[in-house]
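Listed here are the chains, written in short residue letters.
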Amino acid sequence: MAATVILLALIGAVGAFISGLVGIGGAIIIYPLVLFIPPLFGINTINAHTASGLTAAQVFFSTMSGSYSQRKSPDLNRSIIIPMGAGILLGSLLGAYSGSLFDAALINTVYTFLAILAVVLMFWKVRPEQTKYRFNAILLFITALIIGYVSGIVGAGGAFILVPVLLALFKAPFRTVVTSSIVIAFISSTGTFLMKSMTGDVDFFLMLPLIISSLIVAPIGTRMSQKTNQNVLRYILAVLIASAAIKMLMEIL
């Protein structure tokens, strides 16, 4: 058990560091690390359900920390947060519950889809509108509902999908998107974490080292990102995520 705790702490640190470095949601990195790294060290007690539960826990606490740091930001936009928050909360609850009923192959299939989508969105160039815009609340709600459902299955908050969607589809101002999306992801992760806890997918003992190391290391990655070539990092991360997706496909097939 001690080896498992140490390994999860290291995984949390690596995942959080990369997330902070590149600015992409931690779930897309944490989930495959939790699922595939422990077996390399002879630890076979973490299955797809437990991995999604641990991912949900990590995302919940990391987005809570991020939301708290942005609580006084003038760029928070309630006309985006309220409808998307409602939609993504409902979607995440439904997705997390559905995930508890799905088998490992289907959960991994959903991750594979999200991983491929993440790689595409990382290089999706958009030109957001820089002026104030009146957002369609119903469309925001439906979009968030879909994102929340799919992300909730694997324990993700969906921030890596929210950002490009708000920029490209809704033409929202960049600063508004960055600050508002972390709050929406926190709302999503609240529903996911709650439901996965209720369905027994969250191992509360194993989540502690993952969360603690993530919260400690994430700010380091964020600070280093300001001094690092982001294009190079994105290509490296794209390769890592694509490799995880290929590994998932091999497991499924």
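The shown structure was predicted, so the numbers you read here are calculated from the model rather than taken from an experiment. (Residues numbered from 1 in each chain as written. Predicted model: local features only at pLDDT ≥ 70, side-chain atom pairs only at ≥ 80, totals over all residues. Heavy atoms only, no water.)

What to know about the overall build of the protein chain
Rules: Here a strand is any run of E in DSSP of at least two residues, a helix any run of H or I of at least four, and the numbering for each starts at the N terminus. When we talk radius of gyration, it's over C-alpha atoms, and the globule rule is simply 2.2 Å times the number of residues to the 0.38. We call a residue buried when its accessible area falls under 20% of the maximum for its residue type, exposed when it is over 50%, and partly exposed in between, using a 1.4 Å probe and counting protein chains only. The contact criterion used is simple: two residues touch if any of their non-hydrogen atoms lie within 4.5 Å. Every accessible area reported is derived by Shrake-Rupley at a probe size of 1.4 Å, with residue values counting cover from the shown protein chains alone. Charge counting follows a simple rule: Lys and Arg are positive, Asp and Glu are negative, and His as well as the terminal groups are ignored. One atom stands in for each charge, and that atom is NZ of Lys, CZ of Arg, CG of Asp or CD of Glu.
For the protein chain, the helix and strand inventory stands at ten helices and zero strands. Ordered by position in the sequence, the α and β elements of the protein chain form the string α-α-α-α-α-α-α-α-α-α. Taking 2.2 N^0.38 as the reference for a compact globule, 253 residues should give roughly 18 Å; the C-alpha atoms of the protein chain span a radius of gyration of 17 Å, in line with that estimate. Viewed in the frame of its principal axes, the protein chain has a C-alpha envelope of about 55 × 40 × 35 Å. The burial tally for the protein chain puts 51% of its 253 residues in the buried class. Within the protein chain, contacts between residues separated by at least 24 positions form 86% of all contacts whose residues are at least 6 apart in sequence. For the protein chain, the accessible area works out to roughly 12100 Å², and carbon and sulfur atoms hold 69% of it. Side chains of the protein chain carry 14 positive and 6 negative charges; the gap between the two charge centres is 17 Å.

Focus: a nonpolar patch on the surface
Let me state the cut-off plainly: Residues enter a patch when their relative accessible area is above 30% and they make no salt bridge; the linking distance is 9 Å between like charges and 5 Å between nonpolar side chains (Val, Leu, Ile, Met, Phe, Trp, Tyr). We define a salt bridge as a contact between a side-chain nitrogen of Lys or Arg and a carboxyl oxygen of Asp or Glu at a distance within 4 Å.
Taken together, the side chains of Leu 90, Leu 94 and Tyr 149 define a hydrophobic patch exposed on the protein surface, amounting to about 250 Å² of accessible area. Topologically, Leu 94 is positioned in helix H4 (residues 78-101).

Structural notes on the pattern of salt bridges
Enumeration according to the criterion identifies one salt bridge in this entry. Close ionic contact of Asp 201 with Lys 196 constitutes a salt bridge, the shortest N to O distance being 3.9 Å. There is no split in this pair, since Asp 201 and Lys 196 are both buried.

Focus on helix H3 (residues 48-69)
An α-helix turns once per 3.6 residues; consequently, residues spaced three or four apart project the same way. Using the following cut-off: Every helix has an expected span of 1.5 Å times one less than the residues it contains. Pairs of N or O atoms within 3.5 Å make up the polar contacts considered here, provided that, within protein, one atom can donate a hydrogen while the other can accept it, and that residues adjacent in sequence are counted only when both atoms are side-chain atoms.
The end-to-end C-alpha distance of H3, which contains 22 residues, comes to 32 Å, matching closely the 32 Å that a straight helix rising 1.5 Å per residue would cover. Burial of H3 is extensive: 16 of the 22 residues sit out of reach of the surface. Capping the start of H3, Asn 47 holds a side-chain oxygen 3.1 Å from the backbone nitrogen of His 49, two or three residues further along.

Focus on the packing of H4 against helix H8 (residues 174-198)
What counts is decided by this rule: Geometry is summarised by axes, namely lines fitted to C-alpha atoms with helices restricted to the contacting stretch, and by angles between N-to-C directions that run from 0 to 180 degrees. Reported orientations rely on four angle classes, namely roughly parallel under 35 degrees, roughly antiparallel over 145, roughly perpendicular from 65 to 115, and oblique for the rest. The crossing is said to be left-handed when, going from far helix to near helix, the turn is anticlockwise and less than a right angle, and right-handed when the turn is clockwise. All amino acids are sorted into three groups, where Ala, Val, Leu, Ile, Met, Phe, Trp, Tyr, Cys and Pro are nonpolar, Asp, Glu, Lys and Arg are charged, and the leftover types, Gly among them, are polar.
In contact at an axis separation of 8 Å, H4 and H8 are set at 30 degrees when each is read in the N-to-C sense. With respect to H8, the element H4 is oriented roughly parallel. You can see that H4 and H8 cross each other, and the crossing is right-handed. When H4 is examined against H8, the residues Ile 80, Ile 81, Met 84, Gly 85, Ile 88, Leu 89, Ser 92, Leu 93, Ala 96 and Tyr 97 are found in contact with a partner set consisting of Thr 176, Ser 180, Val 183, Ile 184, Ile 187, Ser 188, Gly 191, Thr 192, Met 195 and Lys 196. Of the residues belonging to the contact of H4 with H8, the class tally is twelve nonpolar, seven polar and one charged.

Digging into the UniProt feature "transmembrane region" (unreviewed entry) in the protein chain
Going by this rule: UniProt positions are given in the numbering used here, feature names are shortened, and annotations may be inferred rather than shown by experiment.
Under the UniProt annotation, "transmembrane region" (unreviewed entry) lies at residues 7-34, 80-99, 105-126, 138-170, 176-195, 202-220 and 232-250. Span residues 80-99 is 100% helix and 0% strand, its end C-alpha atoms 27 Å apart. As a span, residues 202-220 carries 89% helix and 0% strand, and end to end its C-alpha atoms are 27 Å apart.

A word on unusual backbone geometry
You will see that Lys 171, though not glycine, has its phi angle at about 55 degrees, which is positive. Inspection of the secondary structure puts Lys 171 in the loop between helix H7 (159-168) and H8. For Lys 171, a relative accessible area of 37% corresponds to the partly exposed category.

Overview of the nonpolar core
What counts, and what does not: Residues belong to one nonpolar core when they are buried, are Ala, Val, Leu, Ile, Met, Phe, Trp, Tyr or Cys, and are joined through side-chain atoms within 4.5 Å.
Core analysis: the largest hydrophobic core is formed by 60 residues, its most contacted members being Ile 28, Tyr 31, Val 34, Leu 54, Met 84, Tyr 111 and Val 154. Take this core: its biggest share by element is eight residues, from helix H2 (residues 27-40). Setting aside chain neighbours within four positions, we find Leu 54 in contact with Leu 8, Val 34, Ile 46, Asp 203, Leu 206, Met 207 and Leu 210.

A short note on the packing of H4 against helix H6 (residues 137-154)
Closest axis-to-axis distance for the H4/H6 pair is 6 Å, and the angle between their directions is 30 degrees. Taken together, H4 and H6 sit at an angle that is classed as roughly parallel. Here the hand of the crossing between H4 and H6 comes out right-handed. Among the residues forming the contact of H4 with H6, the class breakdown is 16 nonpolar, ten polar and no charged.

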